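Here's the letter readout for the chains.
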Amino acid sequence: MTIINHELRQSRLSLTVWTAAIGFLIAVCVFLFPEMKGEMDSISDLFASMGGFTKAFGMDKVSFGTLLGFYAVECGNILGLGGAFFAALAAVSALSKEEQGHTAEFLLTHPVSRSRVITEKLLAVVLQLLILNAAVFCISLASMALIGEEIPWREVCLLHLAYLLLQLELAGICFGISAFLRRGSMGAGLGVAVVMYFLNLVANITQSASFLRYITPFGYADGTEIVASATLDGSLLLPGALLTAAGILAAYWKYTKKDIA
């Protein structure tokens, strides 16, 4: 628990900033909905005629005139991208920062195994993601209640669960990458998140590339698809779980054998 507490103390500022930023932007979007509600039908018609752009963001599957459709597209993109970036950045530096900051020689000389170091650092990343998502979920519900809209509980809970799973998958992948790096790399983490996001856009636009949805976590965290079906696609969740496990196992395999500089 000592390493977990230390990691949480070190990351409390970034966690607070990212949580506040994502929560604030989502609240602003929800508060804008009553003002824009009357114009949403014409906006939906406009978006529906934009071809590939409409398919890329799934705007042909929902109506902007409903809170749920508006929330799935606007707020979903904020939480999807913001949460993905935070998860990637937190995980990709978890192990590599010990060598970058020359603190590995201090940490690893203590009577603690490398496996325990990996486990506690991984748990610290997971706890950060749980805290961020719990706070954003509460902010979202409070915002909907304040504008007087009925909360679609099932769909909203499924949306937030999907984004949490997305973040955990990206964290698992980037955590594995972290074990192979000797210096913390923000670029590597952000790169993974951005590539995964664009793979989903390509899969939505091109039917022949739909298989990419099995590679990217944004495939099962597509807000418009979740709203339209009111469920999560298990066939997409399974490959995501396997990629998450592969990243974590790679971290244990590499870091326990690694020659720490």
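Quick note: structure is the one above.
The structure contained in this document is the topic of the report that follows.

Conventions adopted
Residues numbered from 1 in each chain as written. Predicted model: local features only at pLDDT ≥ 70, side-chain atom pairs only at ≥ 80, totals over all residues. Heavy atoms only, no water. Helix = DSSP H or I, 4+ residues; strand = E, 2+ residues; numbered from the N terminus. Buried < 20%, exposed > 50% of the residue type's maximum accessible area, 1.4 Å probe, protein only. Areas by Shrake-Rupley, 256 points an atom, 1.4 Å probe, with all protein chains shown as cover. Core = buried A, V, L, I, M, F, W, Y, C linked by side-chain atoms within 4.5 Å. Salt bridge = Lys/Arg side-chain N within 4 Å of Asp/Glu carboxyl O. Expected span 1.5 Å × (residues − 1). Phe/Tyr/Trp six-rings, centres within 6.5 Å; stacked < 30°, edge-to-face > 60°.

### Thoughts on the overall build of the protein
Across its full length, the protein carries 11 helices and 0 strands. Across the protein, helices and strands are ordered from the amino to the carboxyl terminus as α-α-α-α-α-α-α-α-α-α-α. Burial analysis of the protein (261 residues in total) assigns 48% to the buried set. Here the protein has roughly 12,200 Å² of accessible surface; of this, 68% comes from carbon and sulfur atoms.

### Describing the environment of Thr 66
Position of Thr 66 among the secondary structure elements: in the loop between α3 (52-56) and α4 (67-92). With a relative accessible area of 39%, Thr 66 lands in the partly exposed category. Sequence-wise, Thr 66 and Phe 33 are 33 residues apart; in three dimensions their C-alpha atoms are separated by 8.9 Å.

### Quick notes on the nonpolar core
Counting 61 residues, the largest nonpolar core has Ile 26 and Phe 175 as the members making the most contacts within it. For this core, the secondary-structure elements that each account for two or more residues are α1 (2-36), α4, α7 (114-146), α8 (153-180), α9 (186-205), α10 (223-229) and α11 (234-257). Looking at this core element by element, the count peaks at 14 residues for α4.

### Points about the pattern of salt bridges
Scanning all chains against the criterion turns up 2 salt bridges. For the salt bridge of Lys 121 with Glu 7, the shortest nitrogen-to-oxygen distance reads 2.7 Å. Here Lys 121, found in helix α7, pairs with Glu 7, found in helix α1; they are 114 residues apart in sequence, far enough to count as distant. For the pair shown, Lys 121 and Glu 7 are each scored as buried. Ionic pairing is found between Arg 116 and Glu 120, a salt bridge with its closest N-O pair at 2.8 Å. On the criterion of helical spacing, the pair formed by Arg 116 and Glu 120 is a turn pair, its members being 4 residues apart in helix α7.

### Regarding α8
Its 28 residues give α8 an end-to-end C-alpha distance of 41 Å, which sits within 8% of 40 Å, the value for a rise of 1.5 Å per residue. Of all 28 residues that make up α8, 20 are buried, and the element is covered over most of its length.

### Regarding the packing of aromatic side chains
By the definition in use, this model includes 5 aromatic pairs. When the ring of Tyr 197 is compared with that of Phe 198, the centres are 5.7 Å apart and the planes differ by 80°; the resulting orientation is edge-to-face. Judged by its relative accessible area of 12%, Tyr 197 is buried. On the basis of relative accessible area, Phe 198 is assigned to the partly exposed category, the value being 47%. Taken together, the ring pairs in this structure connect Tyr 197, Phe 198 and Phe 218 into an aromatic cluster.

### Some remarks on α7
The terminal C-alpha atoms of α7 lie 48 Å apart, and with 33 residues this matches the ideal 48 Å at 1.5 Å per residue to within 8%. Where α7 ends, the next residue or the one after it, Gly 148, has phi of about 80°, a positive value.

### Concerning the environment of Val 227
Residue placement: Val 227 occurs in helix α10. Remark: the alpha-carbon pair of Val 227 and Val 73, spanning 154 residues in sequence, is separated by 9.9 Å.

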